[in-house]
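Residue strings, one per chain:
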Amino acid sequence: MAKLILIIVSHILLFVALVSAGNGENFAKTIDKKLHGLRKEKLTHFRVYWHDILSGSNPSAVVINPPISNSSFFGSVTMIDNRLTTEVAVNSTPVGQAQGIYAATGQRDASLLMVMNFAFKTGKYNGSTISILGRNAVLTKVREMPVIGGSGLFRFARGYVEARTMWFDQKSGDATVEYSCYVLHY
């Protein structure tokens, strides 16, 4: 009789273990945000100038996939490591790099998919990044793109950037764009 009870109990325990293992509720738990240094959120605003240089012997932007036709830029993909500065002049004080890609996504309009990180290299933000992912309708005066994350002082970042073209050379494709960034972070 004792053997039978032991077998029944072991089968019940095995059944409960199998059922609870399959429900998938044990993979996540709520934690105290203070354990990760997360206190009150801050809103930081900063303005940088993004220099997209396609010309010359040391370009910061390189077309890695040309457009699919001569009549539009649709399909072209450009890899960037663009300088971020404090002023419009390309030789002004550098604060970091914009690293990523942009792809021409508009067949009938001049729009780009922007995928880039602003990697800061000076001051209190040295080593911190923000990640930007969004549509850039380049012929629009002010374009808005989301900030989808960050690292360092910008951990858990969210917000948006406003892009305004300051200067564009149609012959070379070189451009300077002002990025006004509004970032919520801890």
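Residues numbered from 1 in each chain as written. Predicted model: local features only at pLDDT ≥ 70, side-chain atom pairs only at ≥ 80, totals over all residues. Heavy atoms only, no water.

Q: Explain the overall build of the chain here, please?
A: Each helix and strand counted, the chain has one helix and nine strands in total. Traced from its N-terminal end to its C-terminal end, the chain shows the element sequence α-β-β-β-β-β-β-β-β-β. Counting across all 186 residues of the chain, residues that qualify as buried make up 34%. Excluding contacts between residues fewer than 6 apart, the proportion of contacts in the chain whose partners are at least 24 apart in sequence is 45%. With the model as given, the accessible surface of the chain reaches about 12,000 Å², and the carbon-plus-sulfur share is 60%. (Helix = DSSP H or I, 4+ residues; strand = E, 2+ residues; numbered from the N terminus. Buried < 20%, exposed > 50% of the residue type's maximum accessible area, 1.4 Å probe, protein only. Contact = heavy atoms within 4.5 Å. Areas by Shrake-Rupley, 256 points an atom, 1.4 Å probe, with all protein chains shown as cover.)

Q: How should I be thinking about the nonpolar core in this particular structure?
A: A general tendency of soluble globular proteins is for nonpolar side chains to be buried together. Counting residues in hydrophobic clusters, the biggest one holds 27 residues, and the most contacted among them are Trp 50, Met 116, Phe 118, Ile 130 and Tyr 179. Of all elements in the fold, only β1 (42-52), β3 (77-85), β4 (94-104), β5 (111-120), β6 (129-137), β7 (143-151), β8 (158-168) and β9 (175-185) reach the threshold of two or more residues within this core. For this core, the element with the highest residue contribution is β5, accounting for five residues. Setting aside residues up to four positions removed in sequence, Met 116 forms contacts with Trp 50, Ile 80, Ala 98, Gln 99, Gly 100, Ile 130, Ser 131, Ile 132 and Tyr 179. (Core = buried A, V, L, I, M, F, W, Y, C linked by side-chain atoms within 4.5 Å.)

Q: Mind showing me how you'd approach the pattern of salt bridges here?
A: Summed over the entire model, instances satisfying the criterion amount to five salt bridges. Each of the salt bridges in this network shares a partner with another, and the network as a whole consists of Arg 47, Glu 162, Arg 164 and Glu 178. (Salt bridge = Lys/Arg side-chain N within 4 Å of Asp/Glu carboxyl O.)

Q: How should unusual backbone geometry be read in this particular structure?
A: Generally, phi is negative for residues other than glycine and the peptide bonds are trans, each holding for most cases. For Phe 156, which is not glycine, the phi torsion reads 60° and is therefore positive. On the accessibility criterion, Phe 156 (53% relative accessible area) is exposed.

Q: How do you make sense of a nonpolar patch on the surface when you look at a structure like this?
A: A contiguous nonpolar surface patch, about 300 Å² in accessible area, is contributed by Leu 113, Val 115, Leu 133 and Ile 148. Tracing the backbone through its elements, the reader meets Val 115 in strand β5. Given a relative accessible area of 33%, Val 115 falls into the partly exposed group. (Patch = residues over 30% accessible without salt bridge, like charges linked within 9 Å, V, L, I, M, F, W, Y side chains within 5 Å.)

Q: Sorry if this is basic, but what is going on with the layout of surface pockets here?
A: By rolling a water-sized probe across the atoms, one finds the places where empty space is left. Quantified by volume, the largest pocket comes out at close to 890 Å³. Forming the boundary of the largest pocket are 31 residues, of which Phe 73, Leu 112, Val 138, Phe 168 and Gly 173 lie nearest the centre. Of all the secondary-structure elements, those providing two or more residues to the lining of the largest pocket are β1, β4, β5, β8 and β9. The class makeup of the residues in the lining of the largest pocket is 17 nonpolar, ten polar and four charged. (1 Å grid on protein atoms, 1.4 Å probe; cavity = no way out; pocket = protein on both sides within 12 Å on 5 of 7 lines; lining within 4 Å. Points joined across faces, edges and corners; volume = space filled by probe spheres on them. Nonpolar A, V, L, I, M, F, W, Y, C, P; charged D, E, K, R; others polar.)

Q: Can you walk me through the pairing of β9 in this structure?
A: Regular strands place side chains that alternate from one sheet face to the opposite one. The buried fraction of β9 amounts to nine of the eleven residues, a majority that puts the element mostly inside the structure. Pairing geometry for β1 and β9, over eleven bridges, is antiparallel. If you follow Thr 44 over to β9, its bridge partner there is Val 183. Pairing analysis gives ten bridges linking β8 to β9, with the strands arranged antiparallel. Paired with Gly 159 across the two strands is Val 183, which belongs to β9. Between β8 and β9, which pair antiparallel in sequence order, lie six residues; one of them, Gly 173, sits at a positive phi of approximately 85°. (Pairing = 2+ DSSP bridges.)

Q: What is the right way to look at the packing of aromatic side chains in this model?
A: The relation between two aromatic rings is expressed through the spacing of the ring centres and the mutual angle of the planes. Within the structure shown, the criterion is met by ten aromatic pairs. With a centroid separation of 5.0 Å and 20° between ring planes, the pair formed by Tyr 160 and Tyr 182 is classed as stacked. Taken as a pair, Tyr 160 in strand β8 and Tyr 182 in strand β9 lie far apart in primary sequence, 22 residues in all. Given a relative accessible area of 25%, Tyr 182 falls into the partly exposed group. Aromatic rings pair up to connect Phe 46, Phe 120, Tyr 125 and Phe 154 into one cluster. (Phe/Tyr/Trp six-rings, centres within 6.5 Å; stacked < 30°, edge-to-face > 60°.)

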